[in-house]
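Letter by letter, the chains look like this.
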Amino acid sequence: QVQLVESGGGLVQPGGSLRLSCAASGFTFSISRMSWYRQAPGKERELVAGISSDGGSTTYADSVKGRFTISRNNGKRTLYLQIDSLKPDDTAVYYCWTSFSGNTYWGKGTLVTVSS
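Residues numbered from 1 in each chain as written. Predicted model: local features only at pLDDT ≥ 70, side-chain atom pairs only at ≥ 80, totals over all residues. Heavy atoms only, no water.

Novice: I would appreciate a short explanation of the packing of aromatic side chains in the present structure.
Specialist: Aromatic rings in a pair are described by how distant their centres are and how their planes are angled relative to each other. Across all of its chains, the model carries 7 aromatic pairs by this definition. Measuring from ring centre to ring centre gives 5.3 Å for Phe27 and Phe100, while their planes differ by 25°; the resulting arrangement is stacked. Remark: Phe100 occurs in strand β9 (residues 92-100) and Phe27 occurs in the loop between β3 (18-25) and β4 (34-39); sequence separation between them is 73 residues. You can call Phe27 buried: its relative accessible area is 9%. (Phe/Tyr/Trp six-rings, centres within 6.5 Å; stacked < 30°, edge-to-face > 60°. Helix = DSSP H or I, 4+ residues; strand = E, 2+ residues; numbered from the N terminus. Buried < 20%, exposed > 50% of the residue type's maximum accessible area, 1.4 Å probe, protein only.)

Structure, rendered in structure tokens:
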């Protein structure tokens, strides 16, 4: 079955960096568009970044442009999100997402907490 397993979250000080990973299995990762979403406490889930199947096209939410970088390694079936210049407003659970054949799939998320 489809599995998306996020990792790499943690507690980091403002201005710090993290690299999130999403290990994918159970589907053809190399032909699937992938995205990162996040959900902050008390807020709706929002799209953070997306990447095409070959990694050649990326999109970002305005709030993270210039600080977040989405990438993928199709050989390792892994999606990444490099997060730099972290702010307290970036505190959220970060989710890996994909959709194909009319279905949507989510990971269980990894918590990023930005605090001094």
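Novice: Help me understand the nonpolar core in this model?
Specialist: Burial of nonpolar side chains together is a common tendency in soluble globular proteins. Of all hydrophobic cores here, the largest spans 27 residues; its most connected members are Met34, Trp36, Val48, Leu79, Leu81 and Tyr94. Elements represented by at least two residues in this core include exactly β3, β4, β5 (46-51), β7 (68-73), β8 (78-83), β9 and β11 (110-114). If one sorts the elements of this core by residue count, β3 sits on top with 4 residues. (Core = buried A, V, L, I, M, F, W, Y, C linked by side-chain atoms within 4.5 Å.)

Novice: Would you mind going over unusual backbone geometry with me for this structure?
Specialist: Most of the time, phi is negative for any residue but glycine, and the peptide bond is trans. With phi around 55°, Arg77 is a residue other than glycine that occupies positive phi space. Residue position: Arg77 is located in the loop between β7 and β8. Judged by its relative accessible area of 27%, Arg77 is partly exposed.

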